[in-house]
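Structure at a glance
Next come the chains, spelled out residue by residue.
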Amino acid sequence: MLTDIITHGLDVIFCGINPGLKSADDGHHFSGRSNRFWRVLHQSGFTPYEIEAVNDTSILDFGYGLTTAVARATSRADELSKEEFDDSLEVFKAKITEFQPKYVAFLGKAAYKAFSKKKEIVWGQQSEDFCGARVWVLPNTSGLNRGFSLDDLVTSYREFHLAIQK
């Protein structure tokens, strides 16, 4: 089981689709060897150094938190059903309503598409809020997401980081 790293009043809650098997097994977010989240977060300016997955709770020191849209761990996010997203929506809404981050950053389009019921999602800032938080959709850092190079990911995350500094 992967525990949320979350507290009240965060600047951003990064929302992965669901835990990978390794992360669920060891209890640390983005701990899969091929996942690029921690490297991208650092290289895009969110953190002054690259956090190691075993120290994932230190992300709170920078005003950021971590959660997942669906709690069930899988080896691939496409193993999740539409019903699992539907069943997770109310819990996710309650979490965002309770903790009130300024932004929710969905990592990949799948979860936000399921939660918003929109057919098409664009990358970047969304026009509507989610339970009072502004929404940004970023490419997923999973090693399985080969559509985005490390440089592409860093560019997308840097754009978000610069936007929230205003």
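Whatever comes next refers back to the structure up there.
What to know about the sheet that holds strand β3 (residues 103-107)
Spatial ordering of the open sheet is given by β2-β1-β3-β5-β4, a layout of five strands whose pairing is mixed. The sheet terminates laterally at β2 (64-68) and β4 (124-125), the two strands that pair on one side only. Of the strand pairs in this sheet, β4 and strand β5 (residues 134-138) are connected by two bridges, and their pairing is antiparallel. By the bridge assignment for β5, glutamine 125 is matched with tryptophan 136. Taken strand by strand, helix α3 (residues 82-99) contacts β1 (12-16), β2 and β3, and its axis lies near 165 degrees from that of β2.

A closer look at the pairing of β5
Most of β5 is tucked away: four of the five residues are buried. Inspection of the sheet shows β3 paired to β5 by five bridges, in the parallel sense. Bridge pairing in β5 places valine 104 opposite valine 135.

Digging into helix α4 (residues 109-116)
An α-helical turn contains 3.6 residues, so any two residues separated by three or four positions project in the same direction. Of the positions making up α4, those classed as buried are Ala111, Tyr112, Ala114 and Phe115. Along the axis of α4, the buried residues cluster in a sector spanning 160 degrees; they form a single face. In this fold, the buried residues of α4 make contact with α3, β3 and β5. Directly beyond the C-terminal end of α4, a positive phi value near 65 degrees is found at lysine 117.

Description of helix α5 (residues 150-163)
The end-to-end C-alpha distance of α5, which contains 14 residues, comes to 20 Å, matching closely the 20 Å that a straight helix rising 1.5 Å per residue would cover. Listed in full, the buried residues belonging to α5 are Leu153, Val154, Ser156, Tyr157, Phe160, His161 and Ala163. Buried residues along α5 sit in contact with β1, α2 (37-43), β2, β3 and β5.

What about the nonpolar core?
Nonpolar side chains tend to gather and get buried jointly when the protein is soluble and globular. Formed by 26 residues in total, the largest nonpolar core has its most connected members in Phe14, Phe37, Trp38, Ile59, Tyr157 and Phe160. Counting residues per element, this core draws most heavily on α5, which supplies five residues. Not counting chain neighbours up to four residues away, the residues in contact with tyrosine 157 comprise Phe14, Phe37, Val40, Ser44, Phe46, Leu107, Leu138, Pro139 and Thr141. Counting residues in each nonpolar core, the second largest holds 24 residues, with Leu10, Ala114, Ile121 and Val135 among its members.

Quick look at the pattern of salt bridges
A full pass over the atoms with the stated rule returns eight salt bridges. The partner of lysine 102 in a salt bridge is aspartate 11, and the shortest N-O contact between them spans 3.0 Å. Residue lysine 102 is found in the loop between α3 and β3, and its partner aspartate 11 is found in the segment before β1; the two are separated by 91 residues along the sequence. Given the relative accessible area of 45%, lysine 102 is considered partly exposed. Note that lysine 22 and aspartate 26 form a salt bridge whose closest N and O atoms lie 2.8 Å from each other. One end of the pair, lysine 22, and the other, aspartate 26, are both in helix α1 (residues 21-26), four residues apart, so they sit about a helical turn from each other. Judged by its relative accessible area of 47%, lysine 22 falls in the partly exposed class. Look at aspartate 26 and you get partly exposed, because its relative accessible area is 30%.

Calculation rules
Residues numbered from 1 in each chain as written. Predicted model: local features only at pLDDT ≥ 70, side-chain atom pairs only at ≥ 80, totals over all residues. Heavy atoms only, no water. Pairing = 2+ DSSP bridges. Helix = DSSP H or I, 4+ residues; strand = E, 2+ residues; numbered from the N terminus. Contact = heavy atoms within 4.5 Å. Axes fitted to C-alpha atoms, helices over the stretch in contact; angles between N-to-C directions. Buried < 20%, exposed > 50% of the residue type's maximum accessible area, 1.4 Å probe, protein only. Arc of directions from axis to C-beta. Expected span 1.5 Å × (residues − 1). Core = buried A, V, L, I, M, F, W, Y, C linked by side-chain atoms within 4.5 Å. Salt bridge = Lys/Arg side-chain N within 4 Å of Asp/Glu carboxyl O.

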